[in-house]
Each structure stands twice: as C-alpha cells, then as structure tokens.
Amino acid sequence: MSSSYKSITRQIAQSIRLIMTDIDGTLSEGGDSVISPVADAIVKLERKGILVGLVSGRTGPMLQKMAVQLNITGPLIAENGAIARINPSAPLLELGYSKLPANEALAKLYAAYPGRVSERWDNSERMVDIVFRAEGVPIEELRRLLPYVQVLDSHYIMHIMQKGINKGKTLLNILPLVANGAIVKDQVMVAGDSATDLSLFEIFPVSVLIRNRRIPPEESPMLKKVARYISDNEQGYGFAEVALHILGLLE
Ligand SMILES: [Mg+2]
C-alpha cells in the first residue's frame, strides 16, 4: 500500500542513481512540454549525478525530442516497453518485438467496428505498439475480441501490441547496459500514473504513483496497492514535489 512520498528517507534518496519516469499524467498533462518546476527539478537531479530517463507509451522520436528539451542523460524506453535506447543518443536496442500482431489486431478492429475506429497520426512512426480509439467500445469487449494481443488504456489513448511486452520488464532487461552496469534495481526510482506503469511498480521497489484525476476511481486501488509511495499533488506538480523532496534530502 503506498505511503506519502514524504516517507522516502535520506538513506533511500542517497541510494537513487536513476529515475525513470512516465510522461503523460506524470510529468505533463499530455502536451509536448512540461511545467517549469518539472524541468527545473530534472536539471537539479542530473546535476546531483542522478540519471533521469523516460519510460512512456509515446514513440521513440517523441521521447528523443523531450530528452533534448529536458537535457537528460538516462535511458529512453518508448512504446510501453517495446523499444529502448540506453541513453538519448545511443542506437535502438534489438529487443526482438514485432508490429505484426498489433497490425493484425487493428485490421480485425476495423472489420468489427466500421466507422468507429480511428488511428492516431503517430502510428506511422511506431515500431511495435499501435494507438487508436474505438468510439463507445468498452475495453473488456476489445480484450475479448483480441485475446492474442495486449489492449492497454493509458487514459490518453488506447494501445494494442504483442503480448509479453511491458515497461518494467524492458527496464530490468536493459539496466545492466546503463552506466556500464553500475546501477542495480534497488537504485532506480520509477514514477508513473496509470496501469501502464504497474509493471514498473511491481519490479522496482522505489516506486512512486503520481496522482492524476484522469485515472478512473476503479483503477486507483490497484495502483495504490502496488506503488510504494504516492504524491500529494497531481501530474507534473506531483512529480516536482517528489523530486524536490529527494533533492532536499541530498543537501
Ligand atoms: Mg501516464
């Protein structure tokens, strides 16, 4: 059960070498920029020698753009764990995932719900995960129709992709490559706001749930059960207060 971020101790703060954060609902409200308290806190964290990386459902190019904006040096994990780089200028790692299952599922959706399915512009630059909306179709129905892929709702957009891919597993897999293997699981802090971040909360012990009123009430108990800490404020303001708390403990 998550407790207040204020219960992150000095000892824990001093152990953190890498912060991996979700973007939508965690750093931002979903747009292309972050509020200045978030940008400022990230600069300070990096100055303290804590790598900051992004782990998001967004595309690789979108993450690279944000990494430049934020001036961060940590890993980038895009498309909900399907693609990754060990730092913003490193080449893509070969994780062995395919877009075929998602493409097949999308074709099936178009056939099942004529006129109700729309794709988002960025599908053309997506390598594994597909984003879409299916007007008025409950997620349970989509999951029944498409049992051979994952159907995820980030509450910003719906995702379909090959089964077995998630943010937490990918971060765990690439961690030995980050900073020449100097960082272990317990030295990573993860931050997120929705069910797409559950795998991060499950695998990494220093996990922070950032509050976001867009997340439906039925999803919150599950998130609070798994995440170790929780912010008071929402979205970017929540991330910034947690970051400042950690920075305060490192003074
Ligand atoms: Mg999110």
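These numbers were taken from a predicted model, which means no experiment stands behind them. (Residues numbered from 1 in each chain as written. Predicted model: local features only at pLDDT ≥ 70, side-chain atom pairs only at ≥ 80, totals over all residues. Heavy atoms only, no water.)

Colleague: Tell me about the coordination of the magnesium ion, and name the residues and values.
Modeller: Here the magnesium ion is held by Asp22 (OD), Asp24 (O) and Asp193 (OD), and the distances to it run 2.1 to 2.2 Å. The class for Asp22 is buried, based on a relative accessible area of 5%. (Donors = N, O, S within 2.8 Å, 3.2 Å for Na, K, Ca; no water. Buried < 20%, exposed > 50% of the residue type's maximum accessible area, 1.4 Å probe, protein only.)

Colleague: I'd love a proper account of the sheet that holds strand β9 (residues 158–162), names of residues and values included.
Modeller: With antiparallel pairing, the four strands of this open sheet are ordered in space as β6-β7-β9-β8. Of all the strands in the sheet, the pair left with one neighbour each is β6 (117–119) and β8 (149–153). Averaged over all neighbouring strand pairs, the angle between strand axes comes to 35 degrees, with direction disregarded. Pairing of strand β7 (residues 130–134) with β9, which is carried by three bridges, proceeds in the antiparallel orientation. Residue pairing in the sheet places Val131 in a bridge with His159 of β9. Contacts from helix α4 (residues 100–112) reach β6, β7, β8 and β9, with the element oriented near 130 degrees to β9. (Pairing = 2+ DSSP bridges. Helix = DSSP H or I, 4+ residues; strand = E, 2+ residues; numbered from the N terminus. Axes fitted to C-alpha atoms, helices over the stretch in contact; angles between N-to-C directions. Contact = heavy atoms within 4.5 Å.)

Colleague: Explain the nonpolar core to me, using residue names and the numbers behind them.
Modeller: Counting 41 residues, the largest nonpolar core has Leu54 and Phe239 as its most contacted members. Put simply, the parts of the chain that give this core at least two residues each are α2 (36–47), β3 (51–55), α3 (60–70), β4 (76–78), β10 (188–192), β11 (206–211) and α9 (235–249). Take this core: its biggest share by element is seven residues, from α9. Mapped onto the domain boundaries, this core takes at least three residues apiece from domain 1 (3–92 + 166–249) and domain 2 (100–162). Ignoring anything within four residues of it in the chain, the contact list for Phe239 reads Ile19, Thr21, Thr26, Leu27, Val38, Ile42, Ala191 and Ile210. The next biggest cluster of nonpolar side chains, apart from the first, holds 22 residues, and it includes Val55, Leu198, Leu209 and Ile215. (Core = buried A, V, L, I, M, F, W, Y, C linked by side-chain atoms within 4.5 Å. Domains from an automatic or database assignment.)

Colleague: Give a description of the domain arrangement of the protein that names residues and reports values.
Modeller: According to the domain assignment, the protein contains domain 1 (3–92 + 166–249) and domain 2 (100–162). For domain 1 and domain 2, the distance between their C-alpha centres works out to 25 Å. On the domain 2 side, the residues contacting the 24 residues of domain 1 number 14 residues. When domain 1 packs against domain 2, the two sides together hide about 1,400 Å² of surface, and 61% of this comes from carbon and sulfur. At the boundary of domain 1 with domain 2, the tally comes to zero salt bridges. (Buried area = accessible area lost by both parts, 1.4 Å probe. Salt bridge = Lys/Arg side-chain N within 4 Å of Asp/Glu carboxyl O.)

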